[in-house]
Structures are given as structure tokens and as C-alpha cells.
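Below, each chain spelled out in residue letters.
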Amino acid sequence: MTIKKVGIVGAGMMGAEIGLCFALKGYEVIMVDREMASAVLGKEKQANAIDKRIKKGKLDEADKHSVLARVTPADDYGMLSDCDMIVEAVYESYELKTEIYKKLDRVCKNECIIASNTSSISITKLASVLPRERAEKFIGAHFFSPASIMKLVEIIPGILTDAATIASTQEILEIIDKVTITCKDVTGFVVNRLFHVYAVEACRLLEEGVCSVEDIDIACTLGLGYPIGPFKLLDNMGHDLNISVDEVLFQAYGERFRPSSYMRRLVDANLLGRKTGEGFYKY
Ligand SMILES: NC(=O)c1ccc[n+]([C@@H]2O[C@H](COP(=O)([O-])OP(=O)(O)OC[C@H]3O[C@@H](n4cnc5c(N)ncnc54)[C@H](O)[C@@H]3O)[C@@H](O)[C@H]2O)c1
């Protein structure tokens, strides 16, 4: 299937960046949020991301206008009726996501692929609210933040996802310069399972007083060769999301993912990381 027009549902941090990946490669993008103001804010985030590229000499001013002209912010799901693929990136809530899929089922054309950017919810379970033919065209496409820069996308077929949907998803993601891996529909997929066990252990080192935040980050960058330490990365991701993913992984796999009580206290104090100005570090 040839994908020409792409819909994004949820123009937040991930949705805006994912929409930008498609717009940069010449695709027309309809970006729907629950309110027009949020959709427009998503487009402003895209403009800021483009400005950073211009500063680095990766894009010029003329490109900015043509890329942004391809993105239409909207608050009306009906605008998605002729999209060939939709990427859903709303809050990590089963109830919210499945309500949205029911709406999409009413408005989207039959052959439209619906991909979820969920970090932790089962793709098969999300697809279960859809009729069989739609469930066959439903898939997980897990981007990483910031999506316009990070190369990897995990592709997660549900039990009912058909081979053509997997192939078309791989193909379009390669066109937008992503590298894909395909994995089974298990909790946390691959990257989050690897990352969270490491991050939880970093928090334990901190809680046990073994080492400071700064020194653990130095240990991981200079000792393991990671480009960024666990606490800087956790602060970038936001502790509300981090804790909710830890909880899901803890439920699925037990003790090795037990959420950090220190991070829970940060969440209670609304010290969510970079987005609130303070987390493990002050910004
Ligand atoms: N933040 C990350 O690093 C990251 C990485 C990979 C995947 N994810 C996943 O991506 C998804 C989105 O995360 P985010 O960090 O971008 O969240 P976010 O809070 O930045 O954005 C969510 C957006 O969804 C919108 N929304 C809420 N209800 C809606 C509705 N009914 N219709 C349309 N839009 C609606 C909100 O207004 C908001 O703009 C989640 O499933 C998350 O688990 C996040």
C-alpha cells in the first residue's frame, strides 16, 4: 500500500515530533488534538524544532515554510477520513486510546493503517476494541524522544496484525529515515525493558547512598560509553511517565522493576524533570 497522507492524533511532545518526521519527507500531515489550541501548539513545537535544524545548518529558511505548510492542525477527527496511515500519540491511557480508536473506526477509510505509539500497553489489547478487519491493520510503532532525531522505531505487530500492514509500516518508516526492529507484543517491548532495569538500578545506587546523581551519570557516560547518564535522561523523559512505565513493568515482571521510592517522591512534589524546571537536576 502506498502511503501519501498521514494523520497524527495527539499533538503533544511525541505527536508533534512524529508529525514533523513525515512532513520533513514531503508527506501531507493532519495533526488532530482535542482542542485546536493544542494542535496549533504542536505545530509551534515543530517550528521550534526546525529552527534548531536551521541553526545547525541542516535546513534553510525556505524549507521551514514548505515543511510547515504540509502540516494542518485540527480538532475534528473527520479531517482524518482520507489518511492512509494514522499514528496515535495521546496520553498513555488504555481508556483514552481505545475511545479514540472507536472514533477513528467511524471516520477512517477501510485500508487505513492505525499505529499506536504506546510505551507500555499491549497492542493486541488495544486492538481488541476494533472490528476484525481494523485490528488486522492495527500495529505498534514506538518512536523515541525526540522522534525527529532518534533513529529507532520498534514495530510491534499484535496477534491479528496482517503481514501487509507490517510490511507497509516498515516501508514508510524507512522512507522517513528510521531504522526499525520488530518485536513481540510483550510489556515494555525491547528498549524500555532494557532501559528501565538500568534506571531502577541507578535509583537504587542513589537511595543506598553509594554515589551522587552527578557521579552516577559520569560513571555511565565515561565508564559505559553512553551518550547521556540515566538521571539526565530520566529528567528529560519526565518522572510521571517514568513511574507509570516502571509500575507497568513491575506488574508484568516483578521485583527487578520495583519503582524507585525516591522518584515517587519527586512525582509527589511535582518535580517531574526538565519540563517542570527540576527533577534529579535543577534547570
Ligand atoms: N514522552 C516520551 O518520551 C515517549 C516516548 C515514546 C512513547 N511515548 C508515548 O507517546 C504517547 C504520548 O506521549 P507524550 O509524551 O507525547 O504525551 P503529551 O502529554 O506530551 O501529549 C499527549 C497529547 O494528547 C492530546 N490528547 C489528549 N486527549 C486527546 C484526544 N481525545 N484527542 C486528541 N488528542 C488528545 C493532549 O492534548 C496532548 O497534546 C504516550 O502513549 C506515551 O507513552 C512517549
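Just so it is clear, the structure is predicted and the values come from calculations on it, not from any experiment.

## Remarks on the site of the ligand
Around the ligand, a shell composed of 23 residues is seen, among which M14, D33, Y77, E92 and S119 lie nearest. At a separation of 2.7 Å, a nitrogen atom of the ligand approaches a polar side-chain atom of Y77. Within the side chain of K97, a nitrogen or oxygen atom sits 2.8 Å from an oxygen atom of the ligand. Contact with the protein chains covers 87% of the free accessible surface of the ligand, which is 840 Å². Per-element accounting of the shell around the ligand gives the leading share, three residues, to helix 4 (residues 94–107).

## Side note on the domain arrangement of the protein
The domains assigned to the protein are domain 1 (5–182) and domain 2 (191–274). On a C-alpha basis, the centroid separation for the pair domain 1 and domain 2 is 27 Å. Between domain 1 and domain 2, the residue contacts involve six residues of the former and four residues of the latter. Counting each side, the surface lost to burial between domain 1 and domain 2 is near 500 Å², with a carbon and sulfur contribution of 64%. It is S119, S120 and E154 that lose the most area in domain 1 upon contact with domain 2, and together they represent 56% of the buried surface on that side. There are zero salt bridges connecting domain 1 and domain 2. At the boundary of domain 1 and domain 2, one finds two residue pairs in polar contact (both at pLDDT 80 or more). Among the residues making up the side of domain 1 that touches domain 2, the classes are represented as two nonpolar, three polar and one charged.

Conventions adopted
Residues numbered from 1 in each chain as written. Predicted model: local features only at pLDDT ≥ 70, side-chain atom pairs only at ≥ 80, totals over all residues. Heavy atoms only, no water. Near = heavy atom within 4 Å. Polar contact = N/O pair within 3.5 Å; in protein donor to acceptor, adjacent residues only side chain to side chain. Areas by Shrake-Rupley, 256 points an atom, 1.4 Å probe, with all protein chains shown as cover. Helix = DSSP H or I, 4+ residues; strand = E, 2+ residues; numbered from the N terminus. Domains from an automatic or database assignment. Contact = heavy atoms within 4.5 Å. Buried area = accessible area lost by both parts, 1.4 Å probe. Salt bridge = Lys/Arg side-chain N within 4 Å of Asp/Glu carboxyl O. Nonpolar A, V, L, I, M, F, W, Y, C, P; charged D, E, K, R; others polar.

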